Structures are given as structure tokens and as C-alpha cells.
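# Observations on chain architecture
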Amino acid sequence: MKILLVDGTIIGRKTGAILEQVEMYLKEIAPDLELKILHLADFDHQFVDGRPLGEYNEDMGELVRRFENADGYIIATPIFQGSIPGVLKNAFDLLHPRTMRYKPVSIVANGGTYQHHLVIENQLKPILDYFRCLVTPNYVYTHTSHFDETNAIVNEDVHDRLRELARVFIEYANMSQHLSKETIDKH
Ligand SMILES: Cc1cc2nc3c(=O)[nH]c(=O)nc-3n(C[C@H](O)[C@H](O)[C@H](O)COP(=O)(O)O)c2cc1C
């Protein structure tokens, strides 16, 4: 299975650092998974404005292909203004609604305050529900204080939560393989 680890920001390093940690834990449990980290910062973004897909630049087309070719996703986001970064929402807006259907997704997020973990529940999960993803019940929210100055995660509870997230994600990934991505309804 191909798993895309999406670093949903064009600024900052912590979400990328969390993804590298998740990548390690996923590899430990399931060495056969094909894991790829996608940094939104590496792409030349254009606002999604309703034009046909072929009229966006090459990077936007590549974004769509990378999402479509994946069998599951780890979505990493910082919290910006009590929400997710616009660039991540813009990437979601680019996708066909069936792109992530019935595929497993786990969420990791980082914020500068402890209080904003509910952004995941109130804002990111509803988007992934719209896409009909298999969102794992556990997600990991980190705070700046969980990292050292090199952005390594130094909090053992966070490591345990990430290990658990990797374990549950693999279970969901296995489950998704038996779920037909074809649907009876056409929407
Ligand atoms: C524009 C902007 C808005 C932010 N808004 C919030 C916020 O509403 N809540 C919060 O907890 N952190 C907020 N932060 C803090 C970021 O979530 C935090 O800086 C980031 O996750 C730290 O990662 P980094 O060191 O990789 O940048 C904001 C940061 C920026 C740049």
C-alpha cells in the first residue's frame, strides 16, 4: 500500500518533524508499506478557482496525482488562526470528492496553545468526513513545548501516542483493503 504523509503547511518545521517520526513508527510495524512524505512547501500553489484541472500549473496537477495514487494518508497540520492553513484547505479543494473515499487517514497537528486541539475535531475532521475517509479515532496534537530546539520530539507521552496512532492506522489500512472504493450512489 502507498501511504502519503502530507505536511500541510508552507512555513514551519514541526509538522514535517512529526511526520518523520510517524514514518519511523509505521515502518517498524509494517515494513512493506510504501511511505512518501509530501511537503506542501515544495509546490507552486495556485488558488482553486473552479477552472478545469488541466489549466492549473504542473505542480497542482502533480498534487492531484500524488493524492489520487495513495491508498491512505497521514495529514499533518499546524494550527493557524484557530484553523488549518489556507494552503491545506486549498489542496483539499483541488481534489475530486472521491479521491480519498474509504481510504484510511490519521491526523497529527501542532499548535502554539494547548486549547486549539479541538480544531482537529471541529474543522479538519468534518472535511475528511466529507471526503468519506476512514479517519482513525485517535489523533495526536503536539505543542511547541513537546519539541527541543532542533524540533526533535522530546515528550515521551507524545511518542507513545504516535506509536499508538501508527498501530491503529495500520489496522484501518488493512480494513480499507476489503472495502470497495466503487459506490452504488454516484455522488
Ligand atoms: C499565522 C499563524 C497563526 C497561528 N495561529 C495559531 C492559533 O490560532 N492557535 C495555535 O495554537 N497556534 C497558532 N499558531 C502557532 C502555530 O501553530 C505554531 O507556530 C506552529 O505549529 C509551530 O510550528 P513551527 O515551529 O514548525 O512553525 C499560529 C502561527 C502562525 C504563523
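Everything discussed here concerns the structure shown above.
Note that this is a predicted model, so its numbers are computed, not measured. (Residues numbered from 1 in each chain as written. Predicted model: local features only at pLDDT ≥ 70, side-chain atom pairs only at ≥ 80, totals over all residues.)

## Some points on the overall build of the protein
Summing up its helical and strand segments, the protein has five helices and six strands in all. What you see in the protein, going N to C, is helices and strands ordered as β-α-β-α-β-α-β-α-β-β-α. Taken against the 2.2 N^0.38 rule, which gives 16 Å for 187 residues, the C-alpha radius of gyration of the protein at 16 Å falls within 12% of a compact globule. Taking the principal axes of the C-alpha coordinates as reference, the protein spans close to 45 × 35 × 30 Å. Counting over 187 residues, the protein shows a buried share of 32%. For the protein, the proportion of contacts with a sequence separation of at least 24, taken over those separated by at least 6, is 79%. (Helix = DSSP H or I, 4+ residues; strand = E, 2+ residues; numbered from the N terminus. Rg over C-alpha atoms; globule rule 2.2 N^0.38 Å. Buried ≥ 20, exposed ≤ 12 C-beta atoms within 10 Å, placed from the backbone. Contact = placed C-beta atoms within 7 Å.)

## Thoughts on the site of the ligand
Around the ligand there are 14 residues in total, and Gly12, Lys14, Pro78, Gly111 and Gly112 lie nearest to it. When grouped by side-chain class, the residues that make up the shell around the ligand number three nonpolar, nine polar and two charged. (Near = placed C-beta within 6 Å. Nonpolar A, V, L, I, M, F, W, Y, C, P; charged D, E, K, R; others polar.)

## Quick look at the nonpolar core
Within the largest apolar cluster, 42 residues are counted, with the highest numbers of intra-cluster contacts made by Val22, Tyr73, Ile74 and Val108. A total of six residues in this core trace back to one element, the largest contributor, which is helix α5 (residues 156-177). Among residues more than four places away in sequence, those in contact with tyrosine 73 are Ile3, Leu4, Val6, Met100, Lys103 and Val105. (Core = buried A, V, L, I, M, F, W, Y, C linked by C-beta atoms within 7 Å.)

## Thoughts on the environment of methionine 100
Mapping methionine 100 onto the fold places it in the loop between α3 (86-94) and β4 (104-111). Overall, the presence of 28 C-beta atoms within 10 Å leaves methionine 100 in the buried class. When the C-alpha positions of methionine 100 and aspartate 185 are compared, they lie 16 Å apart, and in sequence the two are 85 residues distant. Those residues in contact with methionine 100 that lie beyond four places of it in its chain are Phe67, Tyr73, Val105, Phe131 and Cys133.

## So, the pairing of strand β2 (residues 34-39)
As judged from the six bridges shared by strand β1 (residues 2-7) and β2, these two strands associate in the parallel manner. The partner of lysine 2 across the bridge, within β2, is glutamate 34. (Pairing = 2+ DSSP bridges.)

## Points about unusual backbone geometry
Positioned with a positive phi, arginine 132 is a non-glycine residue whose angle comes to about 60 degrees. Relative to the assigned elements, arginine 132 resides in the loop between α4 (118-130) and β5 (134-135). We classify arginine 132 as partly exposed; it has 15 C-beta atoms within 10 Å. Residue asparagine 151 is not a glycine yet carries a positive backbone phi of 70 degrees. Tracing the backbone shows asparagine 151 in the loop between β6 (140-143) and α5. Residue classification places asparagine 151 among the partly exposed residues on the basis of 17 C-beta atoms within 10 Å.

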